[in-house]
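# Summary of the model geometry
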Amino acid sequence: MFDRLQSLEDRYDRLNELLSDPDIISDTKRLREYSKEQSGLEDTVQAYREYKEVSEQLKDAKAMMEDKLDDEMYAMVKEEISELSSQSQEIEERLHILLLPKDPNDDKNVIVEIRGAAGGDEAQLFAGDLYKMYHRFAEAQGWKIEVMEATTTELGGYKEIIFMVNGTGAYSKLKYENGAHRVQRVPSTESGGRIHTSTATVAVLPEAEEVEVEIHEKDIRVDTFASSGPGGQSVNTTMSAVRLTHVPTSTVVSMQDEKSQIKNKEKAMKILRARVFDKINREIQAEYDETRKTAVGTGDRSERIRTYNFPQSRVTDHRIGLTLQKLEQILQGKLDEIIDTLIMEEQSELMQRAED
């Protein structure tokens, strides 16, 4: 492990040199690549340097114990050794986690798609609740949200809402939200007070850059049409709405959020690229069934991952058997406890696999 860490530190130092090279600075592509690589190594290298410093202090403290010390000094050095040993062990455990295989998409922005599923109006209202939950969570992380497309209902819910989350590490946390979310509550439209069960689906796609997924113009069919509001009411007589079809993968994206056809096409292309990229990644993952089973939160999107029970103010994540009596806080965007537990579970599984 330490040979690998030294190798990473050497690479980090080399990248520092390269990023000061005028030839690299003038080459936008290489500058971006090297900056991204350096950023990815920074936490590991800083932890390794901290480990080396603590190890050196521990070595010096142990050497002092070989000298003739009075009782007071002996007790002080012994206590220092105990503290440094504990600190060293803690950093070593952190290094083991930092060296685990990383999802190459973790630092990416994401496109989130929420749709009301089973349950009619109530499912669509729940889709709106989920959107507000993620919006608040994103704000707390310092991320920015941009709504790309939304189809609202008369009651204030969403048949579908697609939005982009811009922020470093957005995918690393939100990827665990992929799947079917179930709500159990008495709908506002229910006069008899009966509890209904409804679902909404969440898809989290890493934003794909052009260099990562090649989409040729000849493979895209472009259709334009007049955008419409709820119930088919025409809100725009110009042909500003756009439908893009990626013929090789049969991926379809429609966009009518903007009044400009050009802007609608740009937004549609972002979503199309993300969906095709996601489709390719899922096909690759499917070839590694065993790996896929151990990756928490990357399963089938039809899988029920979480239940929000209003009568008991309870939220249960079924993948890890975690139940929290914190429904209101979670709907206010306080998802950290759930997501952190999911991350720890996945790290634990990855470490177990590494040991096997």
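Our subject is the structure listed above.
We now turn to the structure provided with this report. None of the values given here were measured: they were computed from a predicted structure.

Calculation notes
Residues numbered from 1 in each chain as written. Predicted model: local features only at pLDDT ≥ 70, side-chain atom pairs only at ≥ 80, totals over all residues. Heavy atoms only, no water. Helix = DSSP H or I, 4+ residues; strand = E, 2+ residues; numbered from the N terminus. Buried < 20%, exposed > 50% of the residue type's maximum accessible area, 1.4 Å probe, protein only. Contact = heavy atoms within 4.5 Å. Areas by Shrake-Rupley, 256 points an atom, 1.4 Å probe, with all protein chains shown as cover. Core = buried A, V, L, I, M, F, W, Y, C linked by side-chain atoms within 4.5 Å. Pairing = 2+ DSSP bridges. Axes fitted to C-alpha atoms, helices over the stretch in contact; angles between N-to-C directions. Parallel < 35°, antiparallel > 145°, perpendicular 65-115°, else oblique. Left-handed = near helix turned anticlockwise from the far one by under 90°. Nonpolar A, V, L, I, M, F, W, Y, C, P; charged D, E, K, R; others polar. Polar contact = N/O pair within 3.5 Å; in protein donor to acceptor, adjacent residues only side chain to side chain.

Of the regular secondary structure elements, the protein chain holds 10 helices and 11 strands. With 356 residues in all, the protein chain has 41% of them scored as buried. When contacts within the protein chain are restricted to residue pairs at least 6 apart in sequence, those whose partners lie at least 24 apart make up 60%. Roughly 19900 Å² of accessible area belongs to the protein chain as shown, and the carbon and sulfur atoms make up 47% of that amount.

Right, let's get into the nonpolar core. Ranked by size, the top nonpolar core spans 35 residues in total, and within it Ile114, Leu130, Tyr134, Val165 and Tyr308 carry the most contacts. Residue assignment for this core shows that the elements contributing at least two residues are β1 (110-116), α5 (120-141), β3 (158-166), α6 (170-174), β5 (196-206), β11 (322-324), α9 (327-331) and α10 (336-355). Take this core: its biggest share by element is eight residues, from α5. Not counting residues up to four positions away in its chain, the partners in contact with Leu130 are Ile114, His181, Ala200, Val202 and Tyr308. In terms of nonpolar packing, the next biggest core, distinct from the first, is built from 17 residues, Met148, Met164, Leu244 and Met269 among them.

Let us now look at the sheet that holds strand β7 (residues 241-246). Strand order in this open sheet of three strands is β6-β7-β8, and the pairing throughout is antiparallel. Of all the strands in the sheet, the pair left with one neighbour each is β6 (220-225) and β8 (251-255). The mean inter-strand angle of the sheet, taken between neighbouring strand axes irrespective of direction, is 15 degrees. Where β6 lies against β7, six bridges are found, and the strand directions are antiparallel. Within the sheet, the bridge partner assigned to Asp223 lies in β7 and is Arg243.

Close contact between helix α3 (residues 28-64) and helix α4 (residues 71-98) brings their axes to 9 Å; oriented N to C, the two are set at 155 degrees. When the axis of α3 is compared with that of α4, the two are roughly antiparallel. Seen along the crossing, α3 lies across α4 with a hand that is left-handed. Per-class residue counts for the contact of α3 with α4 are 13 nonpolar, six polar and six charged.

Right, let's get into the environment of Arg319. Turning to its location among the elements, Arg319 is positioned in the loop between β10 (314-317) and β11. Residues Arg319 and Arg306, spaced 13 residues apart in sequence, show a C-alpha to C-alpha distance of 8.0 Å. Separated by 2.6 Å, the side chain of Arg319 and the backbone oxygen of Tyr176 make a polar contact. One polar contact links Arg319 to Asp317, side chain to side chain, over a distance of 2.7 Å.

Here we come to the sheet that holds β11. In sheet architecture, strand pairing relies on hydrogen bonds along the backbone and comes in two forms, parallel and antiparallel. On the basis of which strands lie adjacent, the open sheet formed by eight strands has the order β2-β3-β1-β5-β4-β9-β10-β11 and mixed pairing. Each having just a single partner strand, β2 (144-152) and β11 make up the two edges of the open sheet. Along the sheet, successive strands turn relative to each other by an average axial angle of 15 degrees, direction set aside. Sheet analysis places β1 next to β3, joined by six bridges and oriented antiparallel. In the strand pairing of β3, Arg115 is matched with Glu160.

Any functional reading would require information that these geometric values do not contain.
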